[in-house]
Amino acid sequence: MAILVTGSSGRVGSSVVKALLARGKIVHGFDARASRHASANYSETVGSFDDPQRCAAAVDGASAILHLGAFMSWKPEDRDLLFAANVEGTRRLLEAASEAGVQRFVFASSGEVYPENLPAFLPVTESHPLNPTSPYGLTKLLGEELVQFHGRTGKMEIVILRFSHTQDAKELLDPDSFFSGPRFFLRPRIRQQEALGNHAVAAVLRAADPGQEAHVLVRNENSRPYRMHITDTRDMVQGILLALEKPEAAGEVFNLGATEPVDFVELLRDMAEVTGLPVVSVDLPGAGVCYETSNEKIRHVLGFEPEWTIKRMLNDAAMAWRERAA
Ligand code: NAD
């Protein structure tokens, strides 16, 4: 029997595929994009999660499913694709899985179901109220409901993992990367805000442009710097495999992420030491981002122990930065 990994061409899914293959497992991938996992133990279905035929083909012969694929977009024009991939796609996959007699279904949810950036209390635990404020967070909450429904009414064991913000370490200092570019570099952030239609925010950022590429330290309207978890993909892989293998995980919901939140003042200082770029501070309207999410449950119940602190991630990022510059 194979383990089906959805999102097998993505950041987390591709690392999970590699880890499973290294353990000698038979793995089937399912993604809209083909991947390059060269192994006799690997096969894949290329197609969309909301296509019932592709779902049935992907699920055939699977004993367990790690549903790690999803569409991540915060652009209004992507709304239909977002719900098709994350809600309808999850429903189709669950139905195919139940029909095929899959034993365990692990679902990648997100801290945006709380949401972490508008916490009712800190640290955010699994019992925090679920009040997503973004359409993406809503699709993840609807995905959780679908997963819970199948757990209640069928025979499949289900596990829900609420993922922290996750990065490959080398992305941290890559101005072109999807998340870290706009998070830590001024001009990519201006471009991102323009694309999201946040023209007033883009104007505030543009006014801070020192005339050369720069890092950006974003703060809220009261000059409070951002503080949030950034988890290394390698630690996420560890948590996902525990959710797949540990009997105690069945039926449970876990936050999965790094133990300590990252202080952006310290991080930007350390980043600038590597890159030699100036850091500009910008105060943006609103409460900003400042949270801490507890990973105590998954550490206690499943023995999860994250190893990749932000300092260790930054060492890898610095190496990648120097390689790109060479
Ligand atoms: P990613 O974007 O790197 O990978 C997602 C993969 O899903 C991609 O390869 C994409 O091609 C595939 N995909 C998207 N829509 C599809 C569709 N309709 N049909 C088939 N394939 C489709 O994302 P990631 O960082 O690896 O995230 C993994 C999971 O974790 C996702 O479910 C995501 O929502 C969740 N998550 C990620 C973060 C993060 O910061 N990276 C945070 C919270 C939750």
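Nothing here was measured: the structure is a model prediction, and the numbers come from that model.

S.K.: An account of the site of the ligand is requested, with residue identities and associated values reported.
M.R.: Lining the immediate surroundings of the ligand are 27 residues, of which Arg 11, Val 12, Asp 31, Arg 33 and Tyr 136 lie closest. Between an oxygen atom of the ligand and a side-chain N or O atom of Arg 11, the distance comes to 2.5 Å. Here an oxygen atom of the ligand and a side-chain polar atom of Asp 31 are 2.6 Å apart. Those elements giving two or more residues to the shell around the ligand turn out to be helix 1 (11-22), strand 5 (104-110) and helix 4 (135-153). For the shell around the ligand, the element with the highest residue contribution is strand 5, accounting for three residues. Each residue belonging to the shell around the ligand can be placed in one class, and the counts come to 12 nonpolar, 11 polar and four charged.

S.K.: Just give me the short version of the pattern of salt bridges, but keep the residues and values in it.
M.R.: Overall, the coordinates contain 17 salt bridges when judged by the stated rule. Where Arg 91 meets Glu 88, a salt bridge forms, and the shortest distance between an N and an O atom there is 2.7 Å. A residue pair is termed a helical-turn pair when its members lie 3 or 4 positions apart in one helix, as Arg 91 and Glu 88 do in helix 3 (residues 79-100) at three residues. Looking at Glu 88, the relative accessible area reads 25%, which means it is partly exposed.

S.K.: Any chance you could break down the nonpolar core for me, citing the residues and the numbers?
M.R.: Phe 184, Leu 205, Ile 230, Phe 264 and Met 271 are the most contacted members of the largest nonpolar core, which has 32 residues in total. Within the residue set of this core, elements represented by two or more residues are helix 6 (186-195), helix 7 (199-207), strand 8 (215-219), helix 9 (264-275), strand 13 (279-283) and helix 11 (310-325).

S.K.: How would you explain helix 2 (residues 52-59) if you had to name every residue and give the values?
M.R.: Residues of helix 2 that are buried: Cys 55, Ala 58 and Val 59. Around the axis of helix 2, the buried residues are gathered within 90 degrees of arc, so they sit on the same side. For helix 2, the secondary structure elements touched by its buried residues are strand 1 (2-6), strand 2 (27-31), strand 3 (42-46), strand 4 (62-67) and helix 3. Regarding helix 2, its N-cap is Asp 51, as a side-chain oxygen of that residue lies 3.0 Å from the backbone nitrogen of Gln 53 further along. Just past helix 2, the residue Gly 61 takes up positive phi, approximately 85 degrees.

S.K.: An account of a nonpolar patch on the surface is requested, with residue identities and associated values reported.
M.R.: Among the surface-exposed residues, Met 72, Trp 74 and Phe 178 lie close enough to one another that they form a single nonpolar patch of about 280 Å² accessible area. Among the secondary structure elements, Trp 74 is positioned in the loop between strand 4 and helix 3.

S.K.: Residue-level account of the packing of aromatic side chains, with values.
M.R.: A full pass over the atoms with the stated rule returns seven aromatic pairs. Aromatic pair Phe 178 and Phe 179: ring centres 4.9 Å apart, planes at 65 degrees, arrangement edge-to-face. When the centroid spacing of 6.4 Å and the interplanar angle of 15 degrees are considered together, the rings of Phe 185 and Trp 321 count as stacked. Here Trp 321 lies in helix 11 and Phe 185 lies in the loop between helix 5 (180-184) and helix 6, a separation of 136 residues in the sequence. Look at Trp 321 and you get buried, because its relative accessible area is 19%. Members of the aromatic cluster, joined through ring pairs, are Trp 74, Tyr 136, Phe 178 and Phe 179. Note that Arg 234 overlies the ring of Trp 308, its terminal NZ or CZ placed 3.4 Å from the centroid. Here Arg 312 stacks its cationic end above the ring of Trp 308, 3.8 Å away from the centre of that ring.

S.K.: Describe in detail the environment of Ile 160, supporting the description with residues and values.
M.R.: Within the secondary structure, Ile 160 is located in strand 6 (residues 157-163). Sequence spacing of Ile 160 and Val 253 is 93 residues, and the spatial spacing of their C-alpha atoms is 4.6 Å.

Criteria and cut-off values
Every chain begins its residue count from 1, and numbering advances along the sequence as written. Where local features are concerned, this predicted model is filtered to residues with pLDDT of at least 70; where side-chain atom pairs are given and counted, the filter is 80 or more; whole-chain, interface and lining totals use all residues. For side-chain calculations, the full set of non-hydrogen atoms in the structure is used, while hydrogens and water are omitted. Consider each residue's heavy atoms; a residue with any of them within 4 Å of a molecule or strand counts as near. Polar contacts here mean pairs of N or O atoms no more than 3.5 Å apart (in protein, one a potential hydrogen donor and the other a potential acceptor; neighbouring residues in sequence count only if both atoms are side-chain atoms). A run of H or I in DSSP becomes a helix once it reaches four residues, and a run of E becomes a strand once it reaches two; helices and strands are each numbered from the N terminus. When residues are grouped by polarity, Ala, Val, Leu, Ile, Met, Phe, Trp, Tyr, Cys and Pro land in nonpolar, Asp, Glu, Lys and Arg in charged, and all others, Gly among them, in polar. Any carboxyl oxygen of Asp or Glu within 4 Å of a side-chain nitrogen of Lys or Arg constitutes a salt bridge here. Per-residue accessibility, obtained with a 1.4 Å probe over protein chains only, is compared with the maximum for each type, and a residue is labelled buried under 20%, exposed over 50%, and partly exposed between these values. To qualify as a nonpolar core, a set must consist of buried Ala, Val, Leu, Ile, Met, Phe, Trp, Tyr and Cys residues joined through side-chain atoms within 4.5 Å. Directions from the helix axis toward the C-beta atoms define the arc. Throughout, a residue-residue contact means that at least one pair of heavy atoms, one from each residue, lies within 4.5 Å. A residue counts toward a patch only above 30% relative accessible area and without a salt bridge, and it is joined to like-charged neighbours within 9 Å or, for Val, Leu, Ile, Met, Phe, Trp and Tyr, to nonpolar neighbours within 5 Å. A 1.4 Å probe and the Shrake-Rupley method give the accessible areas. Residues count as covered only by the protein chains that appear here. Classification of ring pairs rests on two measures: the distance between centres of Phe, Tyr or Trp rings, Trp counted by its six-membered ring, which must be within 6.5 Å, and the angle between planes, read as stacked under 30 degrees, edge-to-face over 60 and tilted in between. The criterion for a charge sitting over a ring is simple: Lys NZ or Arg CZ within 6 Å of the ring centre, and within 35 degrees of the ring normal.

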